[in-house]
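Next come the chains, spelled out residue by residue.
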Amino acid sequence: MDDLLTARSQMAMSLAFHILFAAAGIAMPLMMVIAEWRWLRTRDESYLTLTKKWSKGTAILFAVGAVSGTVLSFELGLLWPGFMKWSGAIIGLPFSLEGFAFFTEAIFLGIYLYGWERVSVRMHLFSGVIVALSGAASAVFVVIANAWMNTPTGFQLVNGQPVNIDPIAAMMNPAAFGQTVHMLLAAYAAVGFAVAGIHAFLLLRNNHSGFHRHALEIALLVGGSAAFLQPFSGDLIGQVVAQYQPTKLAALEGQFKTEKGAPLRIGGLPNEATQSTPYALEIPYGLSLLAFHDPQATVKGLEEFPRAQWPPVAIVHIAFQIMVGAGTVMMLVAIWAAWVKWRTGTLINSRRFLWAVLLSAPLGFIGIEAGWTVTEVGRQPWIIYGVVKTAAAVTPMPELQIPFLVFTLLYIFLAIIVVWLIARQVKETDKGTAEKVV
Amino acid sequence: MISLTFYVLMGGADYGGGVWDLLAWGPRKKAQRELIAKAIGPIWEANHVWLILVIVILFTAFPPAFAAISTALHIPLVLLLIGIVLRGSAFIFRSYDKKTDAVQSGWGLIFSIASLMTPVLLGITVGALSSGAIQFKDDLLLSGFVNSWFALFPFAVGFFALTLFAFLAAVYLTVETKDIELQNDFRWRAFLAGAFAGLMALIVYLLSENGAPVIRHDLSASWWTWPLQIATATVALYAMIALWQRRFRLARFCAALQVTLILWGWGNAQFPYLVVADFTIYNSAAPPVALRLIFIALTLGALLLFPSFYYLYRVFKSHKS
Ligand code: HDD
Ligand code: HEM
Ligand code: HEM
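Residues numbered from 1 in each chain as written. Chains lettered and ligands numbered in written order. Predicted model: local features only at pLDDT ≥ 70, side-chain atom pairs only at ≥ 80, totals over all residues. Heavy atoms only, no water.

Honestly, the overall build of chain B in this entry has me stumped. Any pointers?
Along the backbone of chain B there are 13 helices and four strands. The buried share among the 321 residues of chain B stands at 59%. By sequence separation, contacts in chain B at least 24 residues apart represent 77% of the contacts at least 6 residues apart. Accessible surface, chain B as shown: approximately 13,800 Å² in total, 72% of it carbon and sulfur. (Helix = DSSP H or I, 4+ residues; strand = E, 2+ residues; numbered from the N terminus. Buried < 20%, exposed > 50% of the residue type's maximum accessible area, 1.4 Å probe, protein only. Contact = heavy atoms within 4.5 Å. Areas by Shrake-Rupley, 256 points an atom, 1.4 Å probe, with all protein chains shown as cover.)

Given below as structure tokens:
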């Protein structure tokens, strides 16, 4: 592997790892708070147990999220000094605001987790709300920074250097709104479905306690609503991509030729050598309709651009299919859940439904990883779309393979421990749901 | 001027990062362990964010310096990161894993080793920045990826940082408990660490002659050097006396003040350099708009944060039930 590729792999690996925990950090607090609020309303002890169980899980996930996030903020400089030098002044602002969001999140999470006996009930719930809000805020800020890499604004280019910079305008870049909404929804959907899956599993093993029923309801409420909205927000950013990042759109869709009334390709395997995407199911006019809301619109193909500006087409296209596939299934499950609840008043009587929830548990996280692959790989060869090439930003440091290897091993180790700890928590819950948990 | 304010703020943040780290100095016995765990549990995340804030401010306000630092000091920074990752995760895993002794001491070991490593690396990084050994020509790193930090002076600063952190931690912990035995344990540790810190300070000073000539020169040339040295020494002495008299709160205050003074002393000596001698706050500063905005963000953030922090500490540090 050359050093550029290693640096890219290390960045990708660290981000792919961090995002799992970040998503948990965004969505778990919301679910915790809902459970605690239900407890205050109904005084049903099983809600309290649930709150405490979930907050234990959150504490573990949050800590790993924090350390892996710290690694990331160093890595931006360690791996991409050229990028940081170029853009630090422009997008430092959202990163600093994110820093403050972390502060509030960490402070109030401390109070939430350790303060059961020390603060009033109201203050406790309030701390939870703050944690949930600041978790969402930190995601918003960091995704704004990422959106800027996709649709850079807020500066003028003179001799390849940015001048007249305007950090506020940079934060208001065209992709920012769509991407932040899409990411937040993704976090709620993914975590909601994953948690619902765990509880569905325990319900299927005949543990019909109120505990799991409540858990399933809250998780599906959060996950399902988000999953239902997700394709709409996906459509929203799809249009921004179509307008500002034509090479990415073409790669997403495996569109090599410029075409009027372009079809939507489902599946298929883009081949850069023959410049075609065989084996796809084509829906006539679909792409022009979706991307530009006009069946006759012209979609630029990759042929319009020099070969050196193509992203790796096959990876981007396949990742996009995976994300959209996951999104479609999750939306259907969400609709099914709403229907079951409305018809029967409870979610736990249909085994078939519980199985569906169990099987769709990993889909959200798969969607997140695939979606980020689309965004990041689809942006190649640019680190800042249309302005700075990734290759120009990489560190001159040699032997990057070593840190890459070390961090990979470290992360694998962390992942194993986390899974093991959470599994143990779940098992304990399974055994002692009725018992009081401290 | 704005940049200067940043500098001070960063100093403060650094110091907070320090407080965080040192709390972890993990001595042996079980009760001591529990005390430490109890003391850090609720607040380590929040303290940890200081470090992140330093990084973020650095790359927003002084992008070229950030790029230079992270290129030249790639290796110690990567090691530092590994230390941070292991330390944070081992700590939390220990709290949520089985309570059997074997498991606990396994995590405890990782936790303490990482806690030892991290401050040393932090010190090495700082030392290297001050040493003047990092040299760029245009964008090319002349001094190589190893030479600038693999030297006597940075390592001395590293161990100085470690002893200093250890001293602080021990002093703080005396306040955290009502148990006389435990208090005594930590009191003696504080004396020991304090003595070592003094020794290391002397060594660092002696080494700076060759190890960090630019800074050393600045130090001896400016009028504030001696008053500051004397103030620091006085406060250090006070901390020791207070410890001796078992006035732990006073000791805590003095120790914190002492470290702050040392930090500011360093900051002042380093001023206006970020990386001696090529990068100063003037030639690395981001354009004024960016600085202004980040300054506003910091001010507003601080308004929001300080009450929250105060509340956090009040909730967990006031009454020991
Ligand atoms: C739960 C996960 C999930 C699900 C179900 C979906 N997405 Fe997504 N998608 C993401 C999770 C995600 C993401 C990981 O969060 C991304 C990466 C960057 C971003 O902001 O969101 C993303 C990016 C992303 C992009 C690229 C944006 C860019 O590069 O700027 C497009 C065009 C879509 N999505 C479109 C869709 C559509 C049409 C969906 C319909 C079903 C869909 N997504 C479902
Ligand atoms: C909002 C935060 C993010 C920022 C600021 C960010 C920034 C970066 C940077 C600087 C690079 C290296 C340069 C480049 O290859 O263009 C990169 C690459 C990459 N990132 Fe992101 N990223 C973010 C989120 C994510 C997430 C959450 C993932 C999750 C999987 C991800 C996946 C990748 C991948 C796969 C690459 C390698 C692309 C390639 O080189 O082919 N990114 N990102
Ligand atoms: C889309 C991508 C990202 C999202 C949605 C995201 C979101 C979050 C969230 C919600 C947290 C809170 C901690 C937790 O819940 O575990 C967190 C932690 C953190 N993230 Fe990310 N993040 C992303 C990418 C990045 C990138 C690219 C960086 C690097 C600059 C970064 C730096 C950090 C840091 C330093 C922390 C630790 C904060 C603490 O100690 O509390 N994140 N992230």
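Got a minute to help me understand the coordination of the iron atom of ligand 2 in this structure?
Where a metal carries four tetrahedral donors, each ideal angle is 109.5 degrees; where it carries six octahedral donors, the ideal angles are 90 or 180 degrees. Counting protein donors around the iron atom of ligand 2 gives one, Glu376 of chain A (OE), at 2.3 Å. Note that Glu376 of chain A resides in helix 12 (residues 363-379). (Donors = N, O, S within 2.8 Å, 3.2 Å for Na, K, Ca; no water.)

I keep staring at the site of ligand 2 and nothing clicks. Help me out?
All names here are of chain A. In the vicinity of ligand 2 there are 19 residues, among which Arg8, Leu15, Glu376, Arg379 and Gln380 approach most closely. Measuring from an oxygen atom of ligand 2, one finds a side-chain N or O atom of Arg379 at 3.0 Å. In the environment of ligand 2, an oxygen atom lies 2.8 Å from a nitrogen or oxygen atom belonging to the side chain of Gln380. Elements supplying a minimum of two residues to the shell around ligand 2: helix 1 (3-42), helix 4 (121-150), helix 12 and strand 7 (382-384). (Near = heavy atom within 4 Å. Polar contact = N/O pair within 3.5 Å; in protein donor to acceptor, adjacent residues only side chain to side chain.)

Would you explain the pattern of salt bridges in this entry?
One side chain can pair with another of opposite charge once the charged atoms of both are near each other. Residue and element names in this part refer to chain A. The final tally for this structure, using the stated rule, is three salt bridges over all chains. Of the charged contacts, one joins Glu217 and Lys341 as a salt bridge, the two residues approaching to 3.0 Å between their closest N and O atoms. Of this pair, Glu217 sits in helix 7 (residues 210-244) while Lys341 sits in helix 10 (residues 313-344); the two residues are 124 residues apart in sequence, bridging distant segments of the chain. Of the residues examined, Lys341 reaches a relative accessible area of 35% and is grouped as partly exposed. Taking the shortest distance from any N to any O, the salt bridge between Arg379 and Glu376 comes out at 3.0 Å. (Salt bridge = Lys/Arg side-chain N within 4 Å of Asp/Glu carboxyl O.)

It is not clear to me how the site of ligand 3 should be interpreted in this structure. Could you clarify?
Inspection of the region around ligand 3 gives 28 residues, with His18, Gly25, Gly69, Phe102 and Trp372 of chain A positioned closest. Between Phe62 of chain A and ligand 3, the recorded distance is 3.4 Å, taken from a backbone N or O atom to an oxygen atom. The set of elements that each furnish at least two residues to the shell around ligand 3 consists of helix 1, helix 2 (45-79), helix 3 (81-114) and helix 4 of chain A together with helix 3 (44-61) of chain B. In terms of residues, the shell around ligand 3 owes the most to one element, helix 2 of chain A, which gives eight residues. Residues that form the shell around ligand 3 fall into these classes: 17 nonpolar, nine polar and two charged. (Nonpolar A, V, L, I, M, F, W, Y, C, P; charged D, E, K, R; others polar.)

Help me understand the packing of helix 6 (residues 176-204) of chain A against helix 10 of chain A, please; the structure alone is not making it clear to me.
The angle between the axes and the distance between the axes are what describe a pair of packed helices. Residue and element names in this part refer to chain A. Contact geometry for helix 6 and helix 10: axes closest at 12 Å, N-to-C directions at 60 degrees. The pairing of helix 6 with helix 10 is recorded here as oblique in orientation. As for the relative orientation of helix 6 and helix 10, their crossing is left-handed in sense. In contact with His182, Ala189, Ala190 and Phe193 of helix 6, helix 10 contributes Met323, Met330, Val333 and Ala334. Its residues assigned to classes, the contact of helix 6 with helix 10 shows seven nonpolar, one polar and no charged. (Axes fitted to C-alpha atoms, helices over the stretch in contact; angles between N-to-C directions. Parallel < 35°, antiparallel > 145°, perpendicular 65-115°, else oblique. Left-handed = near helix turned anticlockwise from the far one by under 90°.)

In this structure, what is going on with helix 8 (residues 246-253) of chain A? I would like to understand it.
Residues spaced three or four apart along an α-helix face the same direction, because each turn holds 3.6 residues. All names here are of chain A. Across the eight residues of helix 8, eight count as buried, placing the element largely inside the fold. Listed as buried for helix 8 are Pro246, Thr247, Lys248, Leu249, Ala250, Ala251, Leu252 and Glu253. Of the residues flanking the end of helix 8, it is Gly254, one or two places downstream, whose phi is positive at about 60 degrees.

Would you explain helix 4 of chain A in this entry?
The end-to-end C-alpha separation of helix 4 of chain A is 44 Å, in line with the 44 Å expected for 30 residues at 1.5 Å each. Counting buried residues along helix 4 of chain A, 21 of its 30 residues qualify, which places the element largely inside the surrounding structure. (Expected span 1.5 Å × (residues − 1).)

How do you make sense of the environment of Thr375 of chain A when you look at a structure like this?
Residue and element names in this part refer to chain A. By secondary structure assignment, the location of Thr375 is in helix 12. Accessibility expressed as a relative area gives 15% for Thr375, which makes it buried. Sequence-wise, Thr375 and Asn150 are 225 residues apart; in three dimensions their C-alpha atoms are separated by 8.2 Å. Ignoring sequence-local partners within four residues, the contact set of Thr375 consists of Asn146, Asn150, Gln179 and Lys248.

Can you walk me through the side chain of Asn173 of chain A in this structure?
Residue and element names in this part refer to chain A. With respect to the helices and strands, Asn173 occurs in the loop between helix 5 (167-171) and helix 6. Judged by its relative accessible area of 3%, Asn173 is buried. Within the structure, the side chain of Asn173 is placed 3.1 Å from the side chain of Thr151, a separation counted as a polar contact. In this view, Asn173 contacts Ile144, Ala147, Trp148, Thr151 and Thr153; residues no more than four positions away in its chain are not counted.

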